[in-house]
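# Inside the fold
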Amino acid sequence: MLNLFKTDVNKKEKTIVSSNTRTNTINTVNREEEQLTKIQNIQNLIYNIPIKNIAPNPNQPRREFDERSLYGLAQSIKDYGIIQPLSVRLANRESVTESGDNQPVYELISGERRLRAAVLLFMETVPCVIINADRQISAEMAIIENLQREDLNFFEQARAVQKLIEMFGYTQEQTARRLSVSQSYIANKLRILKLSKEEQNLITEYGLTERHARSVIRIQDDEERKNVLNTVIKRAMNVSSTDKYIDKIIAGKEKEITREKNPRQTIIVKDIRLFLNTIDKAVDTVAQSGIDIKSEKTDKGEYIEICLTVPKRKA
């Protein structure tokens, strides 16, 4: 049996939504849930639910939890309690207690940091809002809620975006609408996931930015990209320096590719210069003999026009 924690909640913060239809908008439940959509029903009660009966959300995009930050949150909870209730949904299974009683299992939707902090404090129960949502809605809510948090690093954000697309078959345009962002934002997030896990870890460890990641990914060769990334880290390059450094590398490669595609062009140009030099020397020789010879060269684009003027009689 759940322990009733609070029975009267301000209607401005908790609004009952019809269980017969899914709606795309709800009044603010709390700051974390204000932009979540497709919620079937929110009960206007907050319950104290045993922590042992709360299962983690398998679609939680966050993979790393800063230990110092968690201990700081735990101290805050110890001093002031859990001000913002967690959000859970009733899972389709039960757990058996030590006394043999069957207890419902709740799947966490949002509030994993608060739950972990509560575990650190050896709390037995946490205040929760029970949301009537199926697995798909729960997954979407968990991902979107985490994407809206500022402390999620950009690789975790990118993986969350990718998960939304893979789980629900969204296009980039649909995903952008769900998150109220531009399609280019989604495309840029997905691009950085082309970096290897090792490269992602290096970027995160050395505090490089998402713009660093987007710049480095322009290097196509895996081994060369790794070397470039190590150079950027070693030299502590800012984004602007990194862009210029990679621009030079790419420009050099393009010139090399052009030379490989047109190896004869350089030889032909050299041959033309030799030919023109030969003509110039011949004209000089004639002029030195006392003949008033004139030479004019005109570049016609596709060819060079040479006009020699030689008098019939010696001047």
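In this convention, every chain numbers its residues from 1, walking through the sequence in written order. The predicted nature of this model means local features are confined to residues of pLDDT at least 70 and side-chain atom pairs, given and counted, to a pLDDT of 80 or more, with totals for whole chains, interfaces and linings taken over all residues. Side-chain numbers come from the whole structure's heavy atoms, not from hydrogens or water.

## What to know about the overall build of the chain
Broken down by element type, the chain carries 11 helices and 8 strands. Within the chain, the proportion of its 315 residues that are buried is 39%. Every helix listed is a DSSP run of H or I at least four residues long, and every strand listed is a run of E at least two residues long, numbered separately from the N terminus. Each residue is placed in one exposure class: buried if its accessible area under a 1.4 Å probe, protein chains only, is under 20% of its type's maximum, exposed if it is over 50%, and partly exposed if it falls in between.

## Comments concerning the packing of aromatic side chains
In this scheme Phe, Tyr and Trp rings, the latter by its six-membered ring, pair at centre separations within 6.5 Å, and the angle between planes marks the pair as stacked below 30 degrees, edge-to-face above 60, and tilted otherwise. Enumeration over the complete set of coordinates arrives at 2 aromatic pairs. For the ring pair Phe168 and Tyr170, a centre distance of 5.5 Å and an interplane angle of 35 degrees mean the geometry is tilted. Residue Phe168 shares its accessibility class with Tyr170, and that shared class is buried. Both a distance and an angle decide whether a charge sits over a ring: NZ of Lys or CZ of Arg must be within 6 Å of the ring centre and within 35 degrees of the ring normal. The ring of Tyr245 has Arg235 sitting right over it, with the charged end atom 5.6 Å from the ring centre.

## Here we look at the nonpolar core
One finds Phe155, Leu195, Ile203, Ala213 and Leu229 to be the most contacted residues of the largest nonpolar core, which totals 20 residues. When residues of this core are traced back to their parent elements, those giving at least two are α4 (154-168), α7 (197-205), α8 (210-216), α9 (222-234) and α10 (239-261). Examining the composition of this core, we find that 4 residues originate from one element, α9, more than from any other. Throughout, a residue-residue contact means that at least one pair of heavy atoms, one from each residue, lies within 4.5 Å. Other than its neighbours up to four places away in sequence, Ile203 contacts Phe154, Phe155, Leu195, Leu208, Thr209, Ala213 and Leu229. The next biggest cluster of nonpolar side chains, apart from the first, holds 18 residues, and it includes Ile82, Tyr106, Leu108 and Val126. Only buried Ala, Val, Leu, Ile, Met, Phe, Trp, Tyr and Cys residues count toward a nonpolar core, and they belong to the same one when joined by side-chain atoms within 4.5 Å.

## What to know about helix α1 (residues 67-80)
One less than the number of residues in a helix, times 1.5 Å, gives the span that helix is expected to have. The terminal C-alpha atoms of α1, which comprises 14 residues, lie 20 Å apart, in line with the 20 Å expected from a rise of 1.5 Å per residue. Where α1 is concerned, the buried positions are Leu70, Leu73, Ala74 and Ile77. The arc that holds the buried residues of α1, viewed along the axis, is 105 degrees, so those residues lie on one side. With respect to the buried face of α1, the exposed residues turned more than 90 degrees away are Arg68, Lys78 and Tyr80. Against the buried residues of α1 lie α2 (112-120). Once α1 finishes, Gly81 follows within two positions and takes phi at roughly 80 degrees, a positive value. What the arc measures is the spread of directions leading from the helix axis to the C-beta atoms.

## Thoughts on the side chain of Lys189
Among the structural elements, Lys189 can be located in helix α6 (residues 183-191). Given the relative accessible area of 3%, Lys189 is considered buried. Polar contacts involving the side chain of Lys189 include one to the side chain of Gln157, which spans 2.6 Å. Apart from the residues within four sequence positions on either side, Lys189 is in contact with Phe154, Gln157, Ala158 and Glu210. Nitrogen and oxygen atoms within 3.5 Å of one another constitute a polar contact, given that in protein one can donate a hydrogen and the other can accept it, and given that sequence-neighbouring residues count only through two side-chain atoms.

## Notes on the pairing of strand β8 (residues 304-309)
Here, any two strands with at least 2 DSSP bridges between them count as paired. Two strands pair when backbone bridges link them, and strand β7 (residues 294-299) and β8 are joined in this way by 6 bridges, in the antiparallel orientation. In the sheet register, Asp299 faces β8, and the bridge partner there is Ile304. Between β7 and β8, which pair antiparallel in sequence order, lie 4 residues; one of them, Gly301, sits at a positive phi of approximately 90 degrees.

## A word on the packing of α1 against α2
Here an axis means a line fitted to C-alpha atoms, over the contact stretch when the element is a helix, while the angle between two N-to-C directions is reported on a 0 to 180 degree scale. Put simply, α1 and α2 touch, their axes get as near as 8 Å, and they point 75 degrees apart. Classified by the angle their axes make, α1 and α2 are roughly perpendicular. Here α1 contributes Ser69, Leu70, Tyr71, Leu73, Ala74 and Ile77 to the contact with α2, which in turn contributes Arg113, Arg114, Arg116, Ala117 and Leu120. Polar here means any residue other than Ala, Val, Leu, Ile, Met, Phe, Trp, Tyr, Cys and Pro, which are nonpolar, and Asp, Glu, Lys and Arg, which are charged; Gly is therefore polar. Looking at the contact of α1 with α2 residue by residue, the classes come out as 7 nonpolar, 1 polar and 3 charged. Angle categories are assigned with fixed cut-offs, so that under 35 degrees is roughly parallel, over 145 is roughly antiparallel, 65 to 115 is roughly perpendicular, and the rest are oblique.

## Digging into α6
Residues Ile186, Lys189 and Leu190 constitute the buried set of α6. Along α6, the residues classed as buried sweep out an arc of 95 degrees about the axis, all on the same side. Contacts from the buried residues of α6 go to α4, α5 (172-179) and α8.

## Some points on the pattern of salt bridges
Salt bridges, as used here, are contacts in which a Lys or Arg side-chain nitrogen is within 4 Å of a carboxyl oxygen on Asp or Glu. All told, the structure shown has 11 salt bridges when counted by the stated rule. In this structure, Arg177 and Glu173 form a salt bridge, with 3.5 Å as the shortest nitrogen-oxygen distance. Remark: Glu173 and Arg177 occur in helix α5; sequence separation between them is 4 residues, near one turn of the helix. A residue is classified by how much of its surface remains accessible, and Arg177, at 54% relative accessible area, is exposed. Here Glu173 falls in the partly exposed class, since its relative accessible area comes to 46%.

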